[in-house]
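So you can see what is in the structure, the chains are spelled out below.
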Amino acid sequence: DVKVTQSSRYLVKRTGEKVFLECVQDMDHENMFWYRQDPGLGLRLIYFSYDVKMKEKGDIPEGYSVSREKKERFSLILESASTNQTSMYLCASSVRDRTYEQYFGPGTRLTVT
Amino acid sequence: AQSVSQHNHHVILSEAASLELGCNYSYGGTVNLFWYVQYPGQHLQLLLKYFSGDPLVKGIKGFEAEFIKSKFSFNLRKPSVQWSDTAEYFCAVNKYSASKIIFGSGTRLSIRP
């Protein structure tokens, strides 16, 4: 079974803090993705990576950055957290040529106060 | 703009009722279509997928979906729902050979026992 794990299920941070969300997958997948999930808006892609050190912006990259130093790990960074970044963050991975079949982690619910 | 629309935000049914959740997309050309499901407290997971061929596809747990190209639709159906089908359902579209998928806003399904 593919396993995608995220470092925290719940996180509370203060406005202006730097926040790191970590994601690890154990199936040697080339592609990794970060989404945020908000009620009524569904999942929106923040960034994705198709290889180590490679990244591409998704639909809502503003206020976020990412890092992929190892194939199994994909980090989402909020340089200076703001209250409008309070959300559920989902990580996913897929095989290179099967982008459509993504395996999701449990999510991190981030609250910025 | 390219988009995926799910017009029903919240659907409430009694057990044994029939279900149909609507999904429309606005992409031209060849697309791959998916339904994902998120049960309470669980990971988002793939329910069914359509790439080509028979426009009626069957997924897990008795779900099926029909691709109607002329209507740009991919509606999800189940003839008789169970309480355990309570979940949030997301329609998603992937343009052929594209590296990402676009999710709809989701439909929350509540089943009364």
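In the block above lies the structure referred to throughout.
In this text, all values refer to a predicted model and were calculated from it rather than measured experimentally.

(A) How the structure looks around the interface of chain A and chain B. The interface is formed by 19 residues belonging to chain A together with 20 residues belonging to chain B. Summed over both partners, the interface of chain A with chain B comes to about 1,600 Å²; 56% of that surface belongs to carbon and sulfur atoms. Here chain A and chain B share two salt bridges between them. Its salt-bridge partner being Lys100 of chain B, residue Asp59 of chain A comes within 3.4 Å of it at the nearest N-O pair. Inspection of the region where chain A meets chain B yields six residue pairs in polar contact (both at pLDDT 80 or more). Counting only elements with at least two residues in the side of chain A that touches chain B, the list comes to β4 (31–38) and β5 (42–51) of chain A. When residues in the side of chain A that touches chain B are grouped by element, the largest group, four residues, is from β5 of chain A. Taken together, the residues that form the side of chain A that touches chain B break down as ten nonpolar, six polar and three charged.

(B) Seen up close, the layout of surface pockets. If you add up the space inside the largest pocket, you get close to 570 Å³. Of the residues that constitute the lining of the largest pocket, the class distribution is ten nonpolar, 13 polar and five charged.

(C) Inspection of unusual backbone geometry at higher detail. Residue and element names in this part refer to chain B. The phi angle at Ala16 is positive, at roughly 80°, despite the residue not being glycine. Relative to the assigned elements, Ala16 resides in the loop between β2 (10–14) and β3 (19–21). Its relative accessible area of 53% is what places Ala16 among the exposed residues. Backbone geometry at Phe72 places phi at a positive 50°, although glycine is not the residue there. In this fold, Phe72 is placed in the loop between β8 (64–68) and β9 (73–78). Judged by relative accessible area, Phe72 falls into the partly exposed class, the value being 37%.

Analysis parameters
- Residues numbered from 1 in each chain as written.
- Chains lettered and ligands numbered in written order.
- Predicted model: local features only at pLDDT ≥ 70, side-chain atom pairs only at ≥ 80, totals over all residues.
- Heavy atoms only, no water.
- Contact = heavy atoms within 4.5 Å.
- Buried area = accessible area lost by both parts, 1.4 Å probe.
- Salt bridge = Lys/Arg side-chain N within 4 Å of Asp/Glu carboxyl O.
- Polar contact = N/O pair within 3.5 Å; in protein donor to acceptor, adjacent residues only side chain to side chain.
- Helix = DSSP H or I, 4+ residues; strand = E, 2+ residues; numbered from the N terminus.
- Nonpolar A, V, L, I, M, F, W, Y, C, P; charged D, E, K, R; others polar.
- 1 Å grid on protein atoms, 1.4 Å probe; cavity = no way out; pocket = protein on both sides within 12 Å on 5 of 7 lines; lining within 4 Å.
- Points joined across faces, edges and corners; volume = space filled by probe spheres on them.
- Buried < 20%, exposed > 50% of the residue type's maximum accessible area, 1.4 Å probe, protein only.

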